[in-house]
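# A closer look at the structure
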Amino acid sequence: MKPFQRSQVTTLCDRLAETPHHIITIFGPRQTGKTTIVRQALRQIDVESRYLAVDEPRPPGPHGSYDESETIPVLSLERGTDWLVRNWEEARREAQRSGRGFVLALDEIQRIPRWSRTVKGLWDADRARDCPLHVIILGSAPPLMQSGLDESLAGRFESIRVAHWSFEEMFRAFGFSLDEYLYFGGYPGSVKFIQDLDRWRAYILQAIVRPGIGRDILSMTRVDKPELLKRLFEHGADYSGQILSYTKMLGQLVDAGNTTTLARYLDLLSDVGLLAGFGKYHGKPRLRRGSSPKLNVLNTALMTVCSGYSFEEAMADRTFRGRIAESAVGAHLSNTATPDISVHYWRDGPLEVDFVLRRGPHLIPVEVKSGRKPARYGGIKAFEGKFGSRRSLLVGEGGVPLHEFLAVPAGWWFEEK
């Protein structure tokens, strides 16, 4: 049977069929298949290629501890630059020797200090010589990658985004039911363990959560309170789908510092695909900043892994299943939103809207009938009376079935129907 391919494989093949005019960047959370996408594309094109990982990760510490053995060390400037230049020049010679060009794929390049400056010089030299060398850069630490791109490579790159796997993809690739998707989430590498819950939980924690925090954030970004960052993620996973004021979080988290610290750490967790903090929608943009965040995991496996519930228990508990379903809607909206779409919530006293999609002046309030709370329709009516809307959505019984909602991206709802 032909292996399942995500849509990004076709997109990448199309880019590699063109004359090299941009560096191709591929970003996304851990364990979402970035390497597989590149390898599948490279097997399909009629051009020689080379895939190189900048550095291999060290093994995790004992009992999942967050010690330095969990981080990939940043290479020294001299060692990293020499490695990059040497391999680039070898690929350049291959491209010039071949009549069809060459593809160089570099994974985790952000481990090299000042990598973007070196890449800029090499890439510009290739363009001056019309060298037929395609370059692909992969990474799972978006803030570090983006800062390097914006700093030195503006106008020289084109991005292909890789998000968490959707319900439709998990159904097509592995035959997941909706309940299986809600509990086990969208991590393809974990599928082989779902019949052994202890192994599945170990995979989620050791291959995704701990490296996402230890390698993608702590080893690459200045974090003054690393224990607070870890506790904030755990807190957010426990409270996914709920609105919590920063003041309340300061009281619940030991050594929490201030609201600015918590807001920054939420941004870092969102950047690596773990936990988002959706802001309250206000008509005036300046009032959106500083609002109490609605915490939402970006993959429901991150919510269920430490819940203590087995699959059967989670599905039997109507309230908990409802929380997972609502979190799945929030994660899906965030993961499929294009850069021009933002995700919010709205609340005014007892009136509330679970999610608000915004694209420019257009608004779509989204209410989830999840079973964990009484159906509320007053919130949407109040929101529309205050702000107007392009349309409104009820997800669940009496509205758009959850499995159908999870089958289309956020932007689809803005299109004329």
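These lines cover the structure that appears in this document, whether it is placed above or below. Source: prediction; values computed, not measured.

## A short note on the packing of aromatic side chains
Enumeration according to the criterion identifies 20 aromatic pairs in this entry. Note on Phe-278 and Phe-355: the rings are 6.0 Å apart at their centroids and 85° apart in plane angle, and the pair reads as edge-to-face. Placement of the pair is Phe-278 in strand β6 (residues 275-280) and Phe-355 in strand β9 (residues 351-359), with a sequence separation of 77 residues. Judged by its relative accessible area of 0%, Phe-355 is buried. Judged by centre distance (4.9 Å) and plane angle (45°), the ring pair of Phe-383 and Phe-387 falls under tilted. With Phe-383 and Phe-387 both in helix α16 (residues 378-387), this residue pair falls 4 residues apart, about one helical turn. Accessibility expressed as a relative area gives 25% for Phe-387, which makes it partly exposed. The rings of Phe-176, Tyr-183, Phe-184, Trp-200 and Phe-311 are connected pair by pair, giving a single aromatic cluster. Between Arg-39 and the ring centre of Tyr-51, over which it is positioned, the NZ or CZ distance is 4.2 Å. A cation over an aromatic ring shows up here: Arg-127 above the ring of Trp-123, its NZ or CZ 4.0 Å from the ring centre.

## Observations regarding empty space enclosed by the protein
Counted under the stated rule, the structure contains 3 cavities of 30 Å³ or more. Of the pockets and cavities examined, the largest cavity occupies roughly 50 Å³. The residue makeup of the lining of the largest cavity, split by class, is 2 nonpolar, 4 polar and 3 charged.

## A short note on the side chain of His-332
Along the polypeptide, His-332 turns up in helix α15 (residues 318-336). Among all residues touching His-332, those that are not within four sequence positions of it are Phe-405, Leu-406, Val-408 and Pro-409.

## What to know about the pairing of strand β1 (residues 23-27)
The element β1 is extensively covered by neighbouring structure, given that 5 of its 5 residues are classed as buried. A two-sided burial pattern is seen for β1, the buried positions comprising Ile-23, Thr-25 and Phe-27 on one face and Ile-24 and Ile-26 on the other. In this sheet, strand β5 (residues 157-161) lies alongside β1 in parallel orientation, the contact comprising 5 bridges. Bridging from a neighbouring strand, Ile-23 pairs with Phe-157 of β5.

## What about the sheet that holds strand β7 (residues 294-297)?
Whenever strands of a sheet pair, they do so through backbone hydrogen bonds, lying parallel or antiparallel. The mixed open sheet is built from 6 strands, whose spatial order is β7-β6-β8-β9-β10-β11. Both outer strands of the open sheet, β7 and β11 (393-396), are each paired with one neighbouring strand and no more. The sheet shows a mean angle of 35° between the axes of neighbouring strands, direction not considered. Bridge count between β6 and strand β8 (residues 341-348): 2 bridges; the pairing is parallel. Bridge pairing in β8 links Lys-280 to Tyr-345. Across the sheet, helix α11 (residues 259-271) touches β6 and β7, and the angle it forms with β6 is around 125°.

Parameters at a glance
Residues numbered from 1 in each chain as written. Predicted model: local features only at pLDDT ≥ 70, side-chain atom pairs only at ≥ 80, totals over all residues. Heavy atoms only, no water. Phe/Tyr/Trp six-rings, centres within 6.5 Å; stacked < 30°, edge-to-face > 60°. Helix = DSSP H or I, 4+ residues; strand = E, 2+ residues; numbered from the N terminus. Buried < 20%, exposed > 50% of the residue type's maximum accessible area, 1.4 Å probe, protein only. Lys NZ or Arg CZ within 6 Å of the ring centre and 35° of its normal. 1 Å grid on protein atoms, 1.4 Å probe; cavity = no way out; pocket = protein on both sides within 12 Å on 5 of 7 lines; lining within 4 Å. Points joined across faces, edges and corners; volume = space filled by probe spheres on them. Nonpolar A, V, L, I, M, F, W, Y, C, P; charged D, E, K, R; others polar. Contact = heavy atoms within 4.5 Å. Pairing = 2+ DSSP bridges. Axes fitted to C-alpha atoms, helices over the stretch in contact; angles between N-to-C directions.

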